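Structural description and commentary
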Amino acid sequence: IWTAMTQPSHIQQQCQRIPGMADTDWNAGQVETSLDYSTASPFWTAVTGGLNTQSLHHVLPNVCMSHFPDMYREYEEICAKHGVNVRQSANLATATVSMYDFIFRINEPKSKNSQ
């Protein structure tokens, strides 16, 4: 349960640091290395303890998660205005599937031809 609720927000291909990511701004780095899902859902916010809006949680850790669904649209607009990419998936299922896909891909043995 812990893995399914916490790790889909970080263990994603799109959340890994790559050259050119916002390395100079801590907040932008938090946003670009987190994945959000079901962001408008008070239900999923309550069930996941706000982890469905992981990037917003990282940027505003002192704000109660119950406010996140109402804040999220404006948060997206602010990020877009400053050129910060908010990573999103439709829901927990799609986030979990892409997480496991990434885990399996990075753990595939290298073929002898590519060595």
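The coordinates are above.
Notes on the structure in this doc start here. Quick caveat: nothing in here was measured; it's all calculated off a predicted structure.

Scanning the entire structure with this criterion turns up 1 salt bridge. The salt bridge involving R105 is made with D101; its shortest N-O contact spans 3.2 Å. Of this pair, R105 and D101 both sit in helix α6 (residues 92-106), separated by 4 residues, roughly a single helical turn.

Core analysis: the biggest nonpolar cluster contains 8 residues, these being A28, V31, L56, F68, Y72, Y75, C79 and V84. Taken together, the elements giving at least two residues each to this core come down to α2 (26-32) and α5 (68-81). Looking at which element gives the most residues to this core, the answer is α5, with 4 residues. Not counting residues up to four positions away in its chain, the partners in contact with V84 are A28, V31, E32 and C79. M5, C15, L92 and A95 belong to the second largest nonpolar core, which has 6 residues in total.

By definition, a disulfide links two cysteine residues through a covalent bond between their sulfur atoms. Under the criterion given, the structure shown has 0 disulfides. No disulfide involves C64; its nearest neighbouring cysteine sulfur is the one of C79, lying 20 Å away. The thiol sulfur of C79 is not disulfide-bonded, and the nearest other cysteine sulfur, from C15, lies at 13 Å.

To continue, consider α5. Between its first and last C-alpha atoms α5 spans 19 Å; for 14 residues at 1.5 Å apiece the expected length is 20 Å, and the two agree. Contacts made by the buried residues of α5 are with α2, β1 (36-37), α3 (42-47), α4 (54-59) and β2 (88-89). G83, located one to two residues past α5, shows a positive phi value of around 70°.

Conventions adopted
Residues numbered from 1 in each chain as written. Predicted model: local features only at pLDDT ≥ 70, side-chain atom pairs only at ≥ 80, totals over all residues. Heavy atoms only, no water. Salt bridge = Lys/Arg side-chain N within 4 Å of Asp/Glu carboxyl O. Helix = DSSP H or I, 4+ residues; strand = E, 2+ residues; numbered from the N terminus. Core = buried A, V, L, I, M, F, W, Y, C linked by side-chain atoms within 4.5 Å. Buried < 20%, exposed > 50% of the residue type's maximum accessible area, 1.4 Å probe, protein only. Contact = heavy atoms within 4.5 Å. Disulfide = S-S within 2.5 Å. Expected span 1.5 Å × (residues − 1).

Read these as layout, nothing more, since geometry by itself doesn't imply function.
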